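# Descriptive structure summary
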Amino acid sequence: MRILQVASEITPIAKVGGLGDVLMGLSHELSWKGHETLALIPFYGLIDTEQLIPEGRVDWFDTEFDKVKQRACVTYYHTHNNISIGLLDTASGYFRNRQTIYGDGDGIASFLFFCRAVANWLLTTQRQIEILHVHDWPTALLPSIYQILSRGKAPFKSVLTIHNFEYQGRCDWSDIRRAGIDPLDFSDPSILNDPIHSCANLVKAGLLSADVVTTVSPTYAREMVTPEEGQGLHTILAGLGKKFVGILNGIDYAFWNPEIDTYLSKRYSGSQEMEAVRAAKLQNKARLFFQIDVPLLPDVPLIASITRLVKQKGIYLIRDLFAQAEELNVQCLVLGSVPEPDAKQAFAELDRDLRRKGRGAVFLMSDEAFAHRVYAASDIFVVPSLFEPCGLTQLIALKYGSIPVVRKTGGLADTIVDVEESRPTSNGFVFQSAQSTSFTTAVTRSVDLFKNKVAWDALMLRAMRQDFSWNIPGNQYVSLYQSVL
Ligand code: ADP
């Protein structure tokens, strides 16, 4: 099959969160399974092309933005894992001049322009694809824009995946016109209308125009059709019937694997003896603590959180828990990106508190290498999200032998089974209510079990050996693509 993935992120060259990992992992799996796959993203200024291998091929084409004709191109690269990547920009460097992926205040207009340009590229190059797979609001309108420019003659089927329903791409009609598309050109312009506000909604139009819609876990798919989690679009989603499915994300073990992870001081794997795993994790922890200048308490569990610091992630539950580090006798680390202003202040205070007590630290930044080292060094990994479409961090943590404590919601409910259920798949600690007391109780259970070396070793080993690779989800996507062709 010939598949084009179009998105705003791909790990490791342009990543904010899980979307980037999914683009990398799914593209990798599809090409490994023999499908011709290209991942296409804007050529942002932050992309370090040193990480890529150029293919020496460029497609030039004409497009339009702000009523001005633009010369644009797609430059072809591949990664060391053989993922084919196309980077799109204008001759004048519209995207190269942007230093952030979503920022600069004109994110929506720039992604609408990106979609417009991708449609022009497809039309000009007559690139033969069978599946156009778009992701979240930045590319949700691409199938419709292509239909308009090709006068309804799309030679492919389209798939839209929702990675987070909270972000819907609400925008002004004028943003759409800037990309040279008149809302009246839609066969049914009302599909653009936001159901609540007086504005356009890119995700809503995407839901109603894609041939099939997916989200990133079965439980989140069920939650999205409820008024509580449906973000105003639950009835539209429910109306899609069998055209809407939940497929659990996978993890790319070529990137997230302590056995081959070059960021780590000491590599290890679930196929080793537990003594060796413990020794390697301790060595990684010691190195990390030396780097961050926090005294290491070797017999005390390290609890970690690696997250975007937004409310969705239950960040105030994390703050309240980590404020009790001494009482719980634990050490704590937070690696938090893109903090909202209140969160920035709260976590800066937490950092001072933890450092003063010698109990840990907070890092307000996004750092891939540091993230890998924290997964490897930590013993317990907390994900108390208020809602969570899939969640990748708990799956990465499992592979690195860090035991997740999660709230029972969305993909967290699909992947983490409480130890008290004593099932062969039990791999962590689960709590229900989004209250500090419930969270603290679950973490206390994990800290208590940590003291039982035999039980903890067995749990760690089980966690590290579980398979959350892209193999099964990759097959599910292939079946889905085949079902619409
Ligand atoms: P989301 O996509 O909602 O942010 P996911 O759990 O799906 O959450 O994916 C998060 C991804 O982003 C993981 O790869 C995680 O390691 C990474 N990540 C989150 N915060 C940071 C950070 N501060 N620095 C580096 N990587 C981060």
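Before reading on, note that the structure itself is shown above.
Residues numbered from 1 in each chain as written. Predicted model: local features only at pLDDT ≥ 70, side-chain atom pairs only at ≥ 80, totals over all residues. Heavy atoms only, no water.

### Quick word on the site of the ligand
Near the ligand there are 21 residues, and of these Gly 18, Asp 21, Arg 308, Lys 313 and Tyr 375 occur at the shortest range. Contacts to the ligand include Thr 307, whose backbone N or O atom sits 3.4 Å from a nitrogen atom. Looking at the shell around the ligand, the elements with two or more residues in it are α1 (18-32), β12 (302-308), β13 (331-337), α13 (368-377) and α14 (393-399). Taken together, the residues that form the shell around the ligand break down as eight nonpolar, eight polar and five charged. Structurally, the shell around the ligand is a two-domain feature, drawing no fewer than three residues from each of domain 1 (2-252 + 471-484) and domain 2 (274-465). (Near = heavy atom within 4 Å. Polar contact = N/O pair within 3.5 Å; in protein donor to acceptor, adjacent residues only side chain to side chain. Helix = DSSP H or I, 4+ residues; strand = E, 2+ residues; numbered from the N terminus. Nonpolar A, V, L, I, M, F, W, Y, C, P; charged D, E, K, R; others polar. Domains from an automatic or database assignment.)

### A word on the packing of helix α2 (residues 107-125) against helix α4 (residues 142-149)
A pair of packed helices is captured by two measures, namely the crossing angle of their axes and the spacing between those axes. Two elements in contact, α2 and α4, have axes whose closest approach is 9 Å; the angle formed by their N-to-C orientations is 50°. By the angle between their directions, the pair α2 and α4 is classed as oblique. Relative to α4, the crossing made by α2 is right-handed. Where α2 approaches α4, its residues Leu 112, Cys 115, Arg 116, Val 118, Ala 119, Asn 120, Leu 122 and Leu 123 are matched on the opposing element by Leu 142, Ile 145, Tyr 146 and Leu 149. For the contact of α2 with α4, the class distribution of residues is 10 nonpolar, one polar and one charged. (Axes fitted to C-alpha atoms, helices over the stretch in contact; angles between N-to-C directions. Parallel < 35°, antiparallel > 145°, perpendicular 65-115°, else oblique. Left-handed = near helix turned anticlockwise from the far one by under 90°. Contact = heavy atoms within 4.5 Å.)

### Section: the sheet that holds strand β2 (residues 36-42)
The strand order across the open sheet built from nine strands is β3-β4-β5-β2-β1-β6-β7-β10-β11, with neighbouring strands paired in mixed fashion. The two strands at the open ends of the sheet, each matched to only one other strand, are β3 (53-65) and β11 (244-246). With strand direction ignored, the average angle separating the axes of adjacent strands in the sheet is 25°. Against the sheet, helix α6 (residues 202-209) contacts β7 (157-162) and β10 (212-215), and its axis sits at roughly 135° relative to β7. Sheet contacts for helix α18 (residues 471-484): β1 (2-6), β6 (131-135), β7, β10 and β11; angle to β10, the most-contacted strand, approximately 165°. (Pairing = 2+ DSSP bridges.)

### Looking at the pattern of salt bridges
For the structure on display, the rule yields 21 salt bridges. Here Lys 33 makes a salt bridge to Glu 29, at a shortest N to O gap of 3.0 Å. Given a relative accessible area of 23%, Lys 33 falls into the partly exposed group. The salt bridge involving Lys 313 is made with Glu 388; its shortest N-O contact spans 2.9 Å. Taken as a pair, Lys 313 in the loop between β12 and α10 (315-322) and Glu 388 in the loop between β15 (380-383) and α14 lie far apart in primary sequence, 75 residues in all. By relative accessible area, Lys 313 is classed as buried at 14%. Salt bridges linked by common partners bring Glu 275, Arg 278, Lys 453 and Asp 457 together as one network. (Salt bridge = Lys/Arg side-chain N within 4 Å of Asp/Glu carboxyl O. Buried < 20%, exposed > 50% of the residue type's maximum accessible area, 1.4 Å probe, protein only.)

### Quick notes on the sheet that holds strand β16 (residues 403-407)
The strand order across the open sheet formed by six strands is β14-β13-β12-β15-β16-β17, and the pairing between neighbours is parallel. The open sheet is flanked by β14 (360-364) and β17 (429-431), the only strands paired with a single partner. Each strand of the sheet is rotated relative to its neighbour by a mean of 15°, with strand direction disregarded. Looking at chain direction, β12 and β15 are connected through two bridges and run parallel. Its bridge partner lying in β15, Ala 304 is registered against Phe 381. Seen against the sheet, helix α9 (residues 274-292) touches β12, β13 and β14 and runs at an angle of roughly 70° to β13. The sheet contacts of helix α17 (residues 453-465) involve β15, β16 and β17, and relative to β16 the element is tilted by about 80°.

### Things to note about unusual backbone geometry
With an omega dihedral of 0°, the bond running from Thr 11 to Pro 12 counts as a cis peptide bond. Mapping Pro 12 onto the fold places it in the loop between β1 and α1. Although it is not a glycine, Lys 67 adopts a positive phi angle of roughly 65°. You can see Lys 67 is positioned in the loop between β3 and β4 (68-78).

### Looking at α6
For α6, a buried count of six out of eight residues is recorded, marking the element as mostly surrounded by other parts of the structure. Those residues of α6 not exposed but buried are Leu 202, Val 203, Lys 204, Ala 205, Gly 206 and Leu 207. At the N-terminal end of α6, a side-chain oxygen is found 3.1 Å from the backbone nitrogen of Val 203, two or three residues along, and the residue is Asn 201.

### Description of the pairing of β1
Counting buried residues along β1, four of its five residues qualify, which places the element largely inside the surrounding structure. Where β1 meets β2, five bridges bridge the pair, whose relative direction is parallel. In the strand pairing of β2, Arg 2 is matched with Glu 36. In terms of handedness, the path from β1 via α1 over to β2 forms a crossover that is right-handed. Where β1 lies against β6, four bridges are found, and the strand directions are parallel. Residue pairing for β6: Val 6 is matched across the bridge by Val 134. (Right-handed = clockwise from strand over helix to strand, strands pointing away.)

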